[in-house]
Amino acid sequence: MTADAVTDTPETIIEVNEMTKVYKMGDVQVVALDGISLHIRAGEFVAIMGPSGSGKSTLMNILGCLDRPTKGSYCLAGQDISRMNRSQLAHIRGKKIGFIFQSYNLLPQATALQNVLLPMVYRRNGRISQKERQTLARSTLAAVGLTDREKHRPKEMSGGQQQRMAIARALINDPALILADEPTGNLDSRSGKEIMEILHSLHERGRTIVMITHDAENAGHAQRVIHLRDGRVAQESVQSTAIPVEG
Amino acid sequence: MIGEVLQIAWEGVSRNKLRSLLTMLGVIIGVAAVIIMVAVSAGTEATIADRIETLGTNLLFVSQAFSAAGPGARQPGGSSNDLTYDDALAIRSSVKNITGVLVERNSTLAVKAGNVSSDGVTVVGTTIDYPEIRGLTVAQGRFLTQKDLDNTAKVAVLGYSLAQDLFGEENPVGQKITVGTVKLYVMGVMEEKGVVANTDYDARMYVPISLMFEKFTPAMFARFAGNMVNTITVQVENQEVMDGVITQIEILLAKRHDATMEDLPFTVRTQQEIIDTQAATTESFRSLLAWVAAVSLVVGGIGIMNIMLVSVTERTREIGIRQATGATPGDIRWQFLTEALMLSLTGGLLGVVGGVGGSWLFNQLGSMRTVLVPNSILLAFGSAAAVGIFFGFYPANKAAQLDPIEALRHE
């Protein structure tokens, strides 16, 4: 398996140390993450599970640089992001993270091609010409099986196709980390399987994937499953071989 | 990057075409109003300046002063504050260094020659210095003489086109015409002059002012007005003697009307003073109009801010998606500011087109003379841009400050 080959070079992508996140709601303090520590290496496929209120969304937001920890540190691909300002966080998101959301989060009035090109619009370094971008976006769309759909708008596509468009968008900037938040949550089981298949093959080609899910079957595709409870890691299980996707 | 920002902003504006147009309408109207109003007042100013300049050169104007008692108020002792033809005659005979004195009173009457008639002809009752002061020359026959005035002679001098209308190829001199109910002899025809400052000099005719007082003033009006005139125009030899002539006229009038120099019921002003007064009046009128128009620009700006705030709320999810894919607060701010600017500048541009077109149309319709003032176009367009930045900043900032997590969750 190629995944094994990649994990042979164990560069750390995510390093979370004693991280705490406290929300203030009026006078009440809600502790969403309570001194959590995580290490995820390049090429790993990690699933994060846990009941609602366990802190997995908060963890996802911080790992995705959408939010900052209250205490503790978070290093993404060697960069400490816990003290960064909003602009710096935005740069990191654009450059290093590809998001896959449960509700796709595509721009409804933009075509598939425009949606996939979106992260390129905000890219600061390594900008390439409009023509090169389009070529890259087309090949990325083709890679997720959306050849000939580049002019279609999200409304004109099925849920599975929309999620594949979102995956293409997540891949376009060649991010260090792919964050998937319940990627099959809005899909029927057949489309869900297709999406998991794509994630699986991305993992095989060496991508680092962190996926939040409450679906045990989906979690089965991951090498490692982290169970959260009350803002802490409750249980961690390593699956030596991920279950191959059926079909 | 700039191309992309413009493209995104354009998509935002064009998504709701009707709404964007209605939003721009405030700015369009504001900008067009500034340009048209300034053009109209500049046109009025130019017309007044033309009119005063074509009156002749080195002129003084004697007219009734506005007083608390009002013009025509009778003073104790029976002397009058009215300016009369007799005052003009007195000035002509006793003031030195002057080359002519002119009074006129106009009436509009029907004129008939044989079986040709013309309605609504301007009949000008005037004095012998009229052609000299107004720069007109006689083509055929002669102009009015002092004898005509003294004798209230039933004579007339025709303007060029009026003569043609009444007599065609025939020589009008010596012919009889009927003005109102009075028969007059044509003594001369004026040289062609054309239309100057809205006055068609060729379509009028001239009669002795004494005849005007006697025959062409309605009886009931004559009782009050007598031989009263509004303005006595005095032509002076040159600029150097202007002040001396003013003093002479003031002393003469004070004596004739039993008034002191301090509360003389008349004013003697030079052409330049009148131009300056008019300019000052139109200037303040123009700035008042500009302010009114500026207010509508501000209202337009508030419209832009309003719609941008709605747009930010509607597109919260989109903002969240853009933030997740790497847009910084600065990027978001620029996007919405560009959109607001696009609305205001497009509105401004349409307003300039509307304003220039409107001014042209007013001119073409002939109802109002307009003169485009380039500065007003720059000012209006610049204000539109400033309004866009000013009223776009708050919504743009609001969009930039959105929390990406909240924005992504927004329905």
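Please read all numbers here as calculations on a predicted model, not as lab measurements.

**Examining the pattern of salt bridges**
In total, this model carries 19 salt bridges over all chains according to the counting rule given. Measuring nitrogen to oxygen at the nearest pair gives 2.7 Å for the salt bridge that ties Glu150(A) to Arg138(A). Remark: Arg138(A) occurs in helix α5 (residues 130-143) and Glu150(A) occurs in the loop between α5 and α6 (159-171); sequence separation between them is 12 residues. Judged by its relative accessible area of 36%, Arg138(A) falls in the partly exposed class. For Arg224(A), the salt bridge is made with Glu236(A), and the minimal N-O distance between the two is 2.4 Å. With a gap of 12 residues between them, Arg224(A) in strand β9 (residues 224-229) and Glu236(A) in strand β10 (residues 232-238) connect regions that are remote in the sequence. Relative accessible area serves as the criterion here: at 10%, Arg224(A) is assigned to the buried category. One continuous salt-bridge network, built from bridges that share partners, spans Arg15(B), Arg315(B), Glu318(B), Arg322(B) and Glu339(B).

**Here's the deal with the environment of Thr58(A)**
All names here are of chain A. With respect to the element layout, Thr-58 can be found in helix α2 (residues 56-63). With a relative accessible area of 9%, Thr-58 lands in the buried category. In the structure, Thr-58 is positioned 37 residues away from Lys-21 in sequence and 7.8 Å away in space, judged by C-alpha atoms. Leaving out residues up to four positions away in the same chain, Thr-58 has contacts with Lys-21, Tyr-23, Ala-32 and Leu-33.

**Things to note about unusual backbone geometry**
One non-glycine residue, Asp230(A), lies in the positive phi region at around 50°. Mapped onto the elements of the fold, Asp230(A) is located in the loop between β9 and β10. Looking at Asp230(A), the relative accessible area reads 57%, which means it is exposed. Its identity as a non-glycine residue notwithstanding, Thr152(B) has a phi of 50°, on the positive side.

**Remarks on the packing of aromatic side chains**
All names here are of chain B. Inspection of the entire model under this criterion finds six aromatic pairs over all chains. Three or more aromatic residues link up through ring pairs in this structure, and these residues are Tyr-130, Phe-143 and Tyr-206. Here the guanidinium or amino end of Lys-193 rests over the ring plane of Tyr-201, the centre of that ring lying 5.9 Å away. The ring of Tyr-201 has Arg-204 lying over it, and the distance from NZ or CZ to the ring centre is 5.3 Å.

**What to know about the environment of Leu25(B)**
All names here are of chain B. Positionally, Leu-25 belongs in helix α2 (residues 17-54). Residue Leu-25 is classed as partly exposed on the basis of its relative accessible area of 38%. For the pair Leu-25 and Thr-178, spaced 153 residues apart in sequence, the C-alpha separation works out to 58 Å.

**Details of the sheet that holds strand β2 (residues 28-41) of chain A**
All names here are of chain A. Sheet architecture is open: four strands sit in the order β2-β1-β4-β5, paired in antiparallel fashion. In the strand order of this sheet, the two ends are held by β2 and β5 (79-80), each with one partner. Across the sheet, α2 lies against β1 (12-25), β2 and β4 (71-76), angled at about 120° from β1, the strand it touches most.

**Some details on the interface of chain B and chain A**
Taken residue by residue, the interface counts 27 residues in chain B and 26 residues in chain A. Viewed at the interface, chain A and chain B are joined by two salt bridges. Of the charged contacts, one joins Asp331(B) and Arg124(A) as a salt bridge, the two residues approaching to 2.9 Å between their closest N and O atoms. Joining chain B to chain A, the criterion identifies nine residue pairs in polar contact (both at pLDDT 80 or more). Mapped onto the side of chain B that touches chain A, the elements with two or more residues apiece are α1 (2-15), α11 (316-324), α12 (329-365) and α14 (404-409) of chain B. With six residues, the single largest contributor to the side of chain B that touches chain A is α11(B). Counted by class, the side of chain B that touches chain A contains 11 nonpolar, seven polar and nine charged residues.

**Some points on the nonpolar core**
Among the nonpolar cores identified, the biggest contains 70 residues, and Ile14(A), Leu59(A), Leu63(A), Tyr74(A) and Leu76(A) are the most heavily contacted of them. Leaving out residues up to four positions away in the same chain, Leu63(A) has contacts with Ile14(A), Val16(A), Ile48(A), Tyr74(A), Ile97(A), Leu177(A), Leu179(A) and Val210(A). Leu60(B), Tyr85(B), Ala153(B) and Phe266(B) belong to the second largest nonpolar core, which has 49 residues in total.

**Details of the pairing of β10(A)**
Residue and element names in this part refer to chain A. As judged from the six bridges shared by β9 and β10, these two strands associate in the antiparallel manner. The partner of Leu-228 across the bridge, within β10, is Val-233. The turn linking β9 back onto β10 is made up of two residues, and Asp-230 within it adopts a positive phi angle of 50°.

**Concerning α5(A)**
Residues and elements named next belong to chain A. Across its 14 residues, α5 extends 20 Å between first and last C-alpha, which sits within 8% of the 20 Å expected from 1.5 Å per residue. Taken as a whole, α5 has its buried residues at Arg-133, Ala-137, Thr-140 and Leu-141. Each buried residue of α5 lies within a common arc of 100° when the element is viewed along its axis, so the set occupies one face. The exposed residues of α5 that point more than 90 degrees off its buried face are Lys-131, Thr-135 and Ala-143.

**Considering the state of the cysteines**
All names here are of chain A. On inspection of all chains with the given rule, the structure shows zero disulfides over all chains. Cysteine Cys-65 is unpaired, with the sulfur of Cys-75 as its nearest cysteine sulfur at 11 Å. Look at Cys-65 and you get buried, because its relative accessible area is 0%.

**A look at the pairing of β9(A)**
Pairing geometry for strand β3 (residues 45-49) of chain A and β9(A), over four bridges, is parallel. The residue of β9(A) that forms the bridge with Val46(A) is Arg224(A).

**A closer look at the sheet that holds strand β8 (residues 209-212) of chain A**
All names here are of chain A. The strand order β6-β7-β8-β3-β9-β10 describes an open sheet built from six strands, whose pairing is mixed. The open sheet has two edge strands with one neighbour each: β6 (97-100) and β10. The mean inter-strand angle of the sheet, taken between neighbouring strand axes irrespective of direction, is 20°. Contacts from helix α3 (residues 86-96) reach β6 and β7 (177-181) within the one sheet, and its direction differs from that of β6 by about 80°.

**Regarding the packing of α1(B) against α12(B)**
All names here are of chain B. Relative to each other, α1 and α12 sit at 60°, their axes nearing to 9 Å. By the angle between their directions, the pair α1 and α12 is classed as oblique. Crossing of α1 over α12 shows right-handed handedness. Two secondary-structure elements touch here, α1 through Val-5, Leu-6, Ile-8, Ala-9, Trp-10, Gly-12 and Val-13 and α12 through Trp-334, Gln-335, Thr-338, Glu-339, Met-342 and Leu-343. When the residues that make up the contact of α1 with α12 are grouped by side-chain class, the tally is nine nonpolar, three polar and one charged.

Parameters and conventions
- Residues numbered from 1 in each chain as written.
- Chains lettered and ligands numbered in written order.
- Predicted model: local features only at pLDDT ≥ 70, side-chain atom pairs only at ≥ 80, totals over all residues.
- Heavy atoms only, no water.
- Salt bridge = Lys/Arg side-chain N within 4 Å of Asp/Glu carboxyl O.
- Helix = DSSP H or I, 4+ residues; strand = E, 2+ residues; numbered from the N terminus.
- Buried < 20%, exposed > 50% of the residue type's maximum accessible area, 1.4 Å probe, protein only.
- Contact = heavy atoms within 4.5 Å.
- Phe/Tyr/Trp six-rings, centres within 6.5 Å; stacked < 30°, edge-to-face > 60°.
- Lys NZ or Arg CZ within 6 Å of the ring centre and 35° of its normal.
- Pairing = 2+ DSSP bridges.
- Axes fitted to C-alpha atoms, helices over the stretch in contact; angles between N-to-C directions.
- Polar contact = N/O pair within 3.5 Å; in protein donor to acceptor, adjacent residues only side chain to side chain.
- Nonpolar A, V, L, I, M, F, W, Y, C, P; charged D, E, K, R; others polar.
- Core = buried A, V, L, I, M, F, W, Y, C linked by side-chain atoms within 4.5 Å.
- Expected span 1.5 Å × (residues − 1).
- Arc of directions from axis to C-beta.
- Disulfide = S-S within 2.5 Å.
- Parallel < 35°, antiparallel > 145°, perpendicular 65-115°, else oblique.
- Left-handed = near helix turned anticlockwise from the far one by under 90°.

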